[in-house]
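# Secondary and tertiary structure notes
The residues making up each chain are set out below.
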Amino acid sequence: MSDASDSRTFDIADQPPPKKQKKSEYEWYDRAYAKASKYWDDPPEDDPTSVIAATLEDKFLHAARPFACTGTIDMVGALEKVKVYYTGPDGEASVNLPLNTADADALHAAGQLSMFGRDGGNVYDESYRLAREHRPPQVAISADPVLVGDILPFVRQHLGIDRPLRAVLYKVNTYSAGGFFGAHRDTPKGTDHIGTITVCLPSEFEGGELVVRHGGKEVKSEWSSQVRPTADKPARLGWMFLYSDCDHEVLPVTSGTRVTLAYDVFASQGMEGEQVKYSDAAELTDALRAAYQNLDFLPDGGHIAFAMQHSYPHTRCDELADEALVKEFKGGDMVWLRAVQDAQLDWRLLGVYSDSMEDDPKSYETDAEPYRFKGRDLPAQEGFMYLQDALFGSDYCPNPKWFFDNKDVAWITLPICWGGRNSYMSYGNEWCAEATYVNVALVAKIPTAEEREAALNGGVVVEKATPEPKQDNDEEQQE
Ligand SMILES: O=C(O)CCC(=O)C(=O)O
Ligand SMILES: [Fe+2]
């Protein structure tokens, strides 16, 4: 396992910073920051709120889910005679699997140079990505390994994804000796774009491990030794699924030619009414209820904040960002949401952004400073705001009325990555203006001890309030 600080994010703001605002408009923010930092910097051990927040953090982090899974498929039956067709310099060509050295080299030689997304377009930069590619319809495979190998049902079961998945072949990557692809996230191609599947074709190569990192953990492929046939084993395909917001890289190929199929994986939307029961959500709900009922916890009232552990694709067109976004929640984030909903807390989803990224257009470089929280050391100038108000306009438009009412914020889980504020273009394996990753925190309101006591005695249930209309926010801002 590598050091957690290895992870990098690649969203860089492409727009000018938001207009300078009058001092008075920042006051709510400074107050809230001062209050919130009480729980990040040396939380006092004799403070019940800090102790309960730490217990909750422990329980919530424990409910994390895998972010990637990997396996192999024997090349028997429908895969035994599979062919890859491609357009080469002399027209149409085809190769059999397992790839012999001459065929793998010819496939590589016929490919286009691979670019990647940066600074509002695709660039070719061999210090970051050295690979070639073929894209459909210039490439095709006679039997689809994702279907034949039943990869999608396995992924759904292993990662606890309750929606049907669809995999679309995006391209064929080839890497000769020295080839690699630096750490990146896969550019979202829509709000339903959830993951990536890479299938490694059998050929002779060494190195070229695909490494996926998330939240301080890593999953690594072992394909160079797994895919080639031996005396007693058929050739195999290696595969990996990853949530595409997770950082991943292809380590240098040390010899031979490595060939992979890259698929974009989409999750079906509109599956309401089919809620899966998460057994660990019940335990988290109980912990939240216990905290709520403990009148020593945030006695003056305030908020608890959970930074979601995955980033989510968001588009300019999402009007109801909260509702649209929670439907896309991945892994443990869905369990956390369910727990907060079941505890009937009044919650909102707020964007988590880093201003500092705007100053560093080179953060895609592999030696760039990672943007990640270290412990509870939250940088001072971070903003939390309504997604629909804040993301794409340049207006810095928080909603102090609901959120920053000068109350304490106890952070239960902290963000592990985030994008720049107002960052629209995404930086990843391909430039795409369709959607961008956002990082969000689920923030729930905790009434004062007095209010909670009254509610508990009267059996009053605290319900999620409907979001305030935008003009209310504007009025509040102008006051
Ligand atoms: O070739 C691989 O294993 C992964 C390639 C990749 O990450 C990409 O094309 O985005
Ligand atoms: Fe990738």
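The structure contained in this document is the topic of the report that follows. (Residues numbered from 1 in each chain as written. Chains lettered and ligands numbered in written order. Predicted model: local features only at pLDDT ≥ 70, side-chain atom pairs only at ≥ 80, totals over all residues. Heavy atoms only, no water.)

### Structural notes on the overall build of the protein
We count it as follows: Only DSSP runs of H or I with at least four residues qualify as helices, and only runs of E with at least two residues qualify as strands; both kinds are numbered from the N terminus onward. Any two residues having at least one pair of non-hydrogen atoms within 4.5 Å are treated as being in contact.
A count of helices and strands for the protein gives 12 helices and 27 strands. Taking the intrachain contacts of the protein between residues at least 6 apart in sequence as the baseline, contacts between residues at least 24 apart amount to 83%.

### So, helix α9 (residues 332–342)
What counts here: Exposed residues in this analysis have more than 50% of their type's maximum accessible area, buried residues have under 20%, and partly exposed residues fall in between, with area computed by a 1.4 Å probe over protein chains only.
The buried count for α9 comes to nine of 11 residues, which makes it a mostly enclosed element. Three or more residues of α9 are buried, namely G332, D333, M334, V335, W336, L337, R338, A339 and V340. Where α9 terminates, the next one or two residues include Q344, which has phi positive at roughly 55°.

### A closer look at the pattern of salt bridges
For side chains of opposite charge, pairing can occur when their charged atoms come near one another. Cut-off, in case you're wondering: One side-chain nitrogen of Lys or Arg within 4 Å of one carboxyl oxygen of Asp or Glu is enough to make a salt bridge.
Counted according to the given criterion, the structure contains 12 salt bridges. Note that R228 and E206 form a salt bridge whose closest N and O atoms lie 3.4 Å from each other. Of this pair, R228 sits in the loop between α6 (223–226) and β16 (236–243) while E206 sits in strand β13 (residues 205–207), and the two are 22 residues apart along the sequence. According to the relative accessible area criterion, E206 is partly exposed, its value standing at 36%. In this structure, the salt-bridge partner of E218 is R213, at a minimum N-O distance of 3.3 Å. Of the residues examined, R213 reaches a relative accessible area of 11% and is grouped as buried. Beyond isolated ion pairs, a larger network of salt bridges with shared partners links E133, R135 and K171.

### Overview of the sheet that holds strand β11 (residues 180–184)
For the record, the criterion: DSSP calls a pair of strands paired once it identifies at least 2 bridges connecting them.
Read across the open sheet, the five strands follow the order β7-β11-β17-β14-β15; overall the sheet is antiparallel. A strand with exactly one partner marks an edge of an open sheet, and here the two such strands are β7 (129–130) and β15 (217–220). Pairing analysis gives four bridges linking strand β14 (residues 210–214) to strand β17 (residues 247–250), with the strands arranged antiparallel. Within the sheet, the bridge partner assigned to V211 lies in β17 and is E249.

### A look at the packing of helix α7 (residues 279–293) against α9
Rule in force here: Note on method: axes are straight lines fitted to C-alpha atoms, helices fitted across the in-contact stretch only, with angles between N-to-C directions ranging 0 to 180 degrees. Every angle not falling under 35 degrees, over 145, or within 65 to 115 is termed oblique; those three ranges are roughly parallel, roughly antiparallel and roughly perpendicular. By convention the crossing between two helices is left-handed if the near helix lies anticlockwise of the far one by an angle smaller than a right angle, and right-handed if it lies clockwise. Note on residue classes: Ala, Val, Leu, Ile, Met, Phe, Trp, Tyr, Cys and Pro are nonpolar, Asp, Glu, Lys and Arg are charged, and everything else, Gly too, is polar.
Packing of α7 against α9 brings their axes to within 8 Å, and their N-to-C directions diverge by 45°. If you check the angle between α7 and α9, you find them oblique. At the point where α7 passes α9, the crossing takes the right-handed sense. Here α7 contributes D280, A281, L284, T285, L288 and R289 to the contact with α9, which in turn contributes V335, W336, R338, A339, V340 and D342. Looking at the contact of α7 with α9, its residues break down into seven nonpolar, one polar and four charged.

### Focus on the coordination of the iron ion (ligand 2)
Test applied: Donor selection uses N, O and S atoms within 2.8 Å of the metal (3.2 Å for Na, K and Ca). Since no water is included, sites may look incomplete.
Coordination sphere of the iron ion (ligand 2), protein contribution only: H184 (NE2), D186 (OD) and H248 (NE2), at 2.1 to 2.2 Å. Between consecutive donor residues of the iron ion (ligand 2), the sequence gaps follow H-x1-D-x61-H. A residue pair is termed long-range when its members are at least 10 positions apart, and D186 in the loop between β11 and β12 (193–200) and H248 in strand β17 qualify at 62 residues. Of the two residues examined, D186 and H248, each falls in the buried class.

### So, the packing of aromatic side chains
Two aromatic rings are characterised by how far apart their centres lie and by the angle between their planes. Threshold: Pairing of aromatic rings covers Phe, Tyr and Trp, the last counted by its six-membered ring, and requires centre-to-centre distances within 6.5 Å; plane angles under 30 degrees mean stacked, over 60 mean edge-to-face, and any other angle means tilted.
Scanning the model with the defined rule gives seven aromatic pairs in all. Where Y128 meets F181, the ring centres are 6.0 Å apart and the plane angle is 85°; that geometry is what we call edge-to-face. In this pair, Y128 is assigned in the loop between β6 (121–123) and β7 and F181 in strand β11, connecting sequence segments 53 residues apart. Exposure remark for Y128: the relative accessible area of 2% places this residue in the buried category. For F181, a relative accessible area of 3% translates into the label buried.

### Observations regarding the sheet that holds strand β9 (residues 139–141)
Pairing in this open sheet of three strands is antiparallel, and the strands run β3-β2-β9 from one edge to the other. For this open sheet the edge positions go to β3 (91–96) and β9, each flanked by a neighbour on one side alone. Each adjacent strand pair in this sheet contributes to an overall mean axis angle of 20°, direction not counted. As defined by bridge partners, strand β2 (residues 83–88) adjoins β3 across six bridges and the pair is classed as antiparallel. Looking across to β3, one finds that Y86 is bridged to A93.

### Structural notes on empty space enclosed by the protein
Test applied: Grid spacing is 1 Å over the protein atoms alone, the probe is 1.4 Å, and a cavity is where that probe fits but cannot get out, while a pocket is an open set with protein on both sides within 12 Å along at least five of seven lines and lining residues have an atom within 4 Å of a point. Grid points are joined across faces, edges and corners, and a volume is the space filled by probe spheres set on the points.
Evaluation of the coordinates by the stated rule reveals seven cavities of 30 Å³ or more. The computed volume of the largest cavity comes to approximately 170 Å³. Considering the residues around the largest cavity, the lining is formed by 19 residues, among which N173, H184, T198, H248 and A262 are closest to the centre. Where the lining of the largest cavity is concerned, the elements lending two or more residues are β10 (165–175), β11, β12, β17 and β19 (258–267). The leading source of residues in the lining of the largest cavity is β19, at five residues. Across the lining of the largest cavity, the residue classes tally to seven nonpolar, seven polar and five charged. Size it by volume and the second largest cavity reaches roughly 90 Å³. Considering the residues around the second largest cavity, the lining is formed by 13 residues, among which G160, I161, Y278, F329 and G331 are closest to the centre. When grouped by side-chain class, the residues that make up the lining of the second largest cavity number seven nonpolar, two polar and four charged.

### Looking at the side chain of S203
Worth spelling out the cut-off: In the analysis that follows, any N or O atom pair within 3.5 Å is treated as a polar contact, provided that within protein one partner can donate a hydrogen and the other can accept it, and provided that, for residues neighboring in sequence, both atoms belong to side chains.
Here S203 is to be found in the loop between β12 and β13. A distance of 2.6 Å separates the side chain of S203 from the backbone oxygen of T257, its partner in a polar contact. Setting aside chain neighbours within four positions, we find S203 in contact with L99, V227, T257, R258 and V259.

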